[in-house]
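Coordinate inspection notes
Take a look at the letters that make up each chain.
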Amino acid sequence: MSTDAAFDALGDPVRRRIMELLGEGERPAGAIVGALNGLLSGGRGAISQPAVSQHLKVLREAGLVTVRAEGTRRIYGVDDAGLDRVRAWLERFADGFAGPLDALETELARGKRERRLQAQAETRRRRGAA
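In this report, the structure presented in the accompanying data block is examined. (Residues numbered from 1 in each chain as written. Predicted model: local features only at pLDDT ≥ 70, side-chain atom pairs only at ≥ 80, totals over all residues. Heavy atoms only, no water.)

1. Thoughts on the overall build of the protein
Secondary structure summary: the protein contains five helices and three strands in total. Starting at the N terminus, the α and β elements of the protein follow one another as α-α-β-α-α-β-β-α. Buried positions account for 25% of the 130 residues belonging to the protein. (Helix = DSSP H or I, 4+ residues; strand = E, 2+ residues; numbered from the N terminus. Buried < 20%, exposed > 50% of the residue type's maximum accessible area, 1.4 Å probe, protein only.)

2. As for the pairing of strand E2 (residues 65–70)
Note: E2 against strand E3 (residues 73–78), six bridges, orientation antiparallel. Along E3, the bridge assignment pairs Glu 70 with Arg 73. Between E2 and E3, which follow one another and run antiparallel, lie two residues, and Gly 71 among them has a positive phi close to 70°. (Pairing = 2+ DSSP bridges.)

3. A short note on the packing of helix H2 (residues 13–23) against helix H4 (residues 49–61)
As a packed pair, H2 and H4 sit with axes 10 Å apart at the nearest point and diverge in direction by 75°. If you check the angle between H2 and H4, you find them roughly perpendicular. Contacts between H2 and H4 pair Val 14, Arg 15, Ile 18, Met 19 and Leu 22 from the former with His 55, Leu 56, Val 58 and Leu 59 from the latter. When the residues that make up the contact of H2 with H4 are grouped by side-chain class, the tally is seven nonpolar, one polar and one charged. (Axes fitted to C-alpha atoms, helices over the stretch in contact; angles between N-to-C directions. Parallel < 35°, antiparallel > 145°, perpendicular 65-115°, else oblique. Contact = heavy atoms within 4.5 Å. Nonpolar A, V, L, I, M, F, W, Y, C, P; charged D, E, K, R; others polar.)

4. Description of a nonpolar patch on the surface
Taken together, the side chains of Trp 89, Leu 90 and Phe 93 define a hydrophobic patch exposed on the protein surface, amounting to about 270 Å² of accessible area. Among the structural elements, Phe 93 can be located in helix H5 (residues 80–129). (Patch = residues over 30% accessible without salt bridge, like charges linked within 9 Å, V, L, I, M, F, W, Y side chains within 5 Å. Areas by Shrake-Rupley, 256 points an atom, 1.4 Å probe, with all protein chains shown as cover. Salt bridge = Lys/Arg side-chain N within 4 Å of Asp/Glu carboxyl O.)

5. Structural notes on the pattern of salt bridges
Considering all chains together, one arrives at eight salt bridges under this definition. Two residues, Glu 20 and Arg 17, come together in a salt bridge whose shortest N-O distance is 3.3 Å. Of this pair, Glu 20 and Arg 17 both sit in helix H2, separated by three residues, roughly a single helical turn. Judged by relative accessible area, Arg 17 falls into the partly exposed class, the value being 33%. Across the pair Arg 87 and Asp 84 runs a salt bridge whose closest N-O atoms are separated by 2.6 Å. You can see Arg 87 and its partner Asp 84 sitting in helix H5, three residues apart, about one turn around the helix. Of the residues examined, Arg 87 reaches a relative accessible area of 41% and is grouped as partly exposed.

If you want it as structure tokens, here you go:
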């Protein structure tokens, strides 16, 4: 699956919440519905089983969720391979922050050193004037 499909799927807040729930462990669809209704009751109202099933389908097709049969139930879990693709895509940008952050750290250290040297020079000057 493509990272575009994964990011499109993750663009929906309900699907992100489903991923968070599945990140805690595998769950059947009914448990996902119950957990979502508990989380969403603060303002959005109830979410139906068919709506959750549709969200799970989108996540499955995007390669982010796995499903396995356990009797008559379907158990959903996080697809680690799909998350690895998303993580790899995001990591391309992590190095873009490393350089500026390293430079900032250097400047902070330089500023501390300069303040320490100025304080030492001031102390020496006061001792010489006394």
